[in-house]
Amino acid sequence: MSQTKKGVDLLRDKSLNQSIDFTRKEREELGLRGLLPHRAASKKHLVERVMTNLARLPRDIDRYMLLSGLQERNERIFYRTVMDHIETLLPLIYTPTVGEACREFSHMARDPKGFFITPDDRGDIERILGNWPEKDIRVIVVTDGQRILGLGDLGANGMGIPIGKLALYTACAGIPPHQCLPVTLDVGTNNEELLGDELYLGYPKRRIQGKAYFALVEEFVNAVQERYPDALIQFEDFLTPNAYALLRKYRDRVLCFNDDIQGTAAVALAGVYASTRITTVPFSELRIMFLGAGSAATGIADLVVTALVDEGLSLEEARRHLWFVDMHGLVVKSRTDLMEHNLSYAHDHAPLDFLQAIDELRPHVLIGATGAPGTFTRAVVEKMSALNDRPVIFALSNPTSKSECTAEEAYAWSGGRAVFACGSPFAPVNLGGKTFVPRQCNNSYIFP
């Protein structure tokens, strides 16, 4: 083993610490004799210990905390455990548990593991990035905390998202953890509960907006180009108007992408493609309806349109296959309250509510990206099931508590005929003697 740290300093370095996995020879060479118990343990046994301790804990948030502490002490065993048990641990280090961790971020007060930039840092961002100990950064996940999952404005507490996503870059894609940088642009929060919380760790003012906001992001992006010219910037959980504005501004200028717009779109399109193997409806003939018209939904639609054009449809024909419903009803041309990213999907049609729109437009696929739980009601699922032998129902909002319907509801209300996918994982459902395994449609299957 070639490295300079020894003894206690070695054991306190999370990237070098192997704990009781150090061999007797290594213990002698590295000044570790007496600092560890007599018996050395294999990585396999260390992983077994972690999994045993996780099983003893009563709540998922407690398991998240145990894994977070392990990541702070011993990255090798943390990632070995995650890689060996990815299906079990993904819901703990990522959605849905990361949502609860974000809500409690300031109250847990652990090692933040990321880099925070506030309006007070204007003019100094490039210089203070030099405080980060690693210099060869290849992946940056950055959020401003304004639209964390389906939970809304969590301010600086949103740091849990970049931390969780970058853990997957290492565990699933092999990017070394020292090349990953979680960043929160802590530009304030409009969450009154956080502003009134004396334990809140973020910038304790209301959000900066407009020119001041975009100037701060611009300074950050420029600082990254100077400090880390090889780094990918992944924009994460920005409010829809800002998400689109930043993607348009930077997509052809720097190495970047927006995970909510492009990542979610990629995995959702993959899911729609896969569903056609079950429904036997040709992809080019699908009618798709979205509940929700934010960045995730319109990002999916934009990519589906590209795929339909590849099938031979014109751009206008492709868009006519896609319909949106938001809180005000069907997105149609006569409405005056639409945002720019919705306009190309506003068709000539009479206004309709959600159920009326399903009944009249007869979609094969229903995609929810609302952050509003329970919006796929029994009447909605039954209507989709009356129109389709195998209705395709994607309830994509995260975390599980925000899902448009549960897996059990989708299968029960469709008589077991739904082709169901969810943003956060649901357990298998037993119905009429048959077991249904919900499939997860989450951008974690794309971005690493």
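One structure accompanies this document, and this report is about it. Keep in mind that this is a model prediction, so the values were computed, not measured.

How each quantity is defined
Residues numbered from 1 in each chain as written. Predicted model: local features only at pLDDT ≥ 70, side-chain atom pairs only at ≥ 80, totals over all residues. Heavy atoms only, no water. Helix = DSSP H or I, 4+ residues; strand = E, 2+ residues; numbered from the N terminus. Rg over C-alpha atoms; globule rule 2.2 N^0.38 Å. Buried < 20%, exposed > 50% of the residue type's maximum accessible area, 1.4 Å probe, protein only. Contact = heavy atoms within 4.5 Å. Areas by Shrake-Rupley, 256 points an atom, 1.4 Å probe, with all protein chains shown as cover. Lys, Arg positive; Asp, Glu negative; His and termini not counted. Charge placed at Lys NZ, Arg CZ, Asp CG, Glu CD. Pairing = 2+ DSSP bridges. Axes fitted to C-alpha atoms, helices over the stretch in contact; angles between N-to-C directions. Salt bridge = Lys/Arg side-chain N within 4 Å of Asp/Glu carboxyl O.

**A few points about the overall build of the protein chain**
Step number 1: Counting its secondary structure elements, the protein chain contains 19 helices and 14 strands.
Step number 2: Against the globule reference of 22 Å for 448 residues, the protein chain gives a C-alpha radius of gyration of 24 Å, in line with a compact fold.
Step number 3: Overall size of the protein chain, expressed as C-alpha extent along the three principal axes, is 75 × 60 × 45 Å.
Step number 4: Sorting the 448 residues of the protein chain into buried and exposed places 54% on the buried side.
Step number 5: When contacts within the protein chain are restricted to residue pairs at least 6 apart in sequence, long-range pairs at least 24 apart make up 67% of them.
Step number 6: Here the protein chain displays about 20100 Å² of accessible surface, and carbon together with sulfur accounts for 50% of that area.
Step number 7: Side chains of the protein chain give 50 positive and 56 negative charges; the mean places of these two sets differ by 6 Å.

**Digging into the sheet that holds strand β3 (residues 180-185)**
Step number 1: Taken in spatial order, the five strands line up as β1-β3-β2-β4-β5 in an open sheet, and their pairing is parallel. Of all strands in the sheet, those with a lone pairing partner are β1 (115-117) and β5 (256-258), marking the two edges. On average, each strand axis in the sheet is tilted by 20° relative to the strand beside it, whichever way the strands run.
Step number 2: With three bridges connecting them, strand β4 (residues 232-235) and β5 associate as parallel partners. When the bridges of β5 are listed, I233 appears paired with C256.
Step number 3: On top of the sheet, helix α14 (residues 259-279) reaches β4 and β5; it is set at about 75° to β5, its chief contact.

**Focus on the side chain of Q71**
Step number 1: On the secondary structure map, Q71 appears in helix α4 (residues 60-73).
Step number 2: When neighbours within four sequence positions are excluded, Q71 is seen to be in contact with K14, F78, Y79, K113 and I163.

**Things to note about the pattern of salt bridges**
Step number 1: The tally for this structure, following the rule as stated, stands at 24 salt bridges.
Step number 2: One salt bridge connects R33 with E28, and the closest N-O pair in it is separated by 2.8 Å.
Step number 3: For K165, the salt bridge identified is with D259, shortest N-O distance 2.5 Å. Of the two residues, K165 sits in helix α10 (residues 160-173) while D259 sits in helix α14, which places them 94 residues apart along the sequence. The residues K165 and D259 share a single accessibility class, namely buried.
Step number 4: Salt bridges here are not isolated pairs; linked through shared partners, they connect D144, D153 and R207.

**Let's talk about the sheet that holds strand β10 (residues 392-395)**
Step number 1: Reading across the sheet, the seven strands line up as β8-β7-β6-β9-β10-β11-β14 and stay open at both edges, with mixed pairing between neighbours. Pairing within the sheet leaves two strands with one partner each, and these edge strands are β8 (329-330) and β14 (439-440).
Step number 2: The strands touched by α14 within the sheet are β6 (288-291), β9 (365-368), β10 and β11 (419-422), with β10 carrying the most contacts at an inclination of about 155°.
Step number 3: Packed on one face of the sheet, helix α15 (residues 295-310) meets β6, β7 (322-326) and β9 and runs near 175° to β7.

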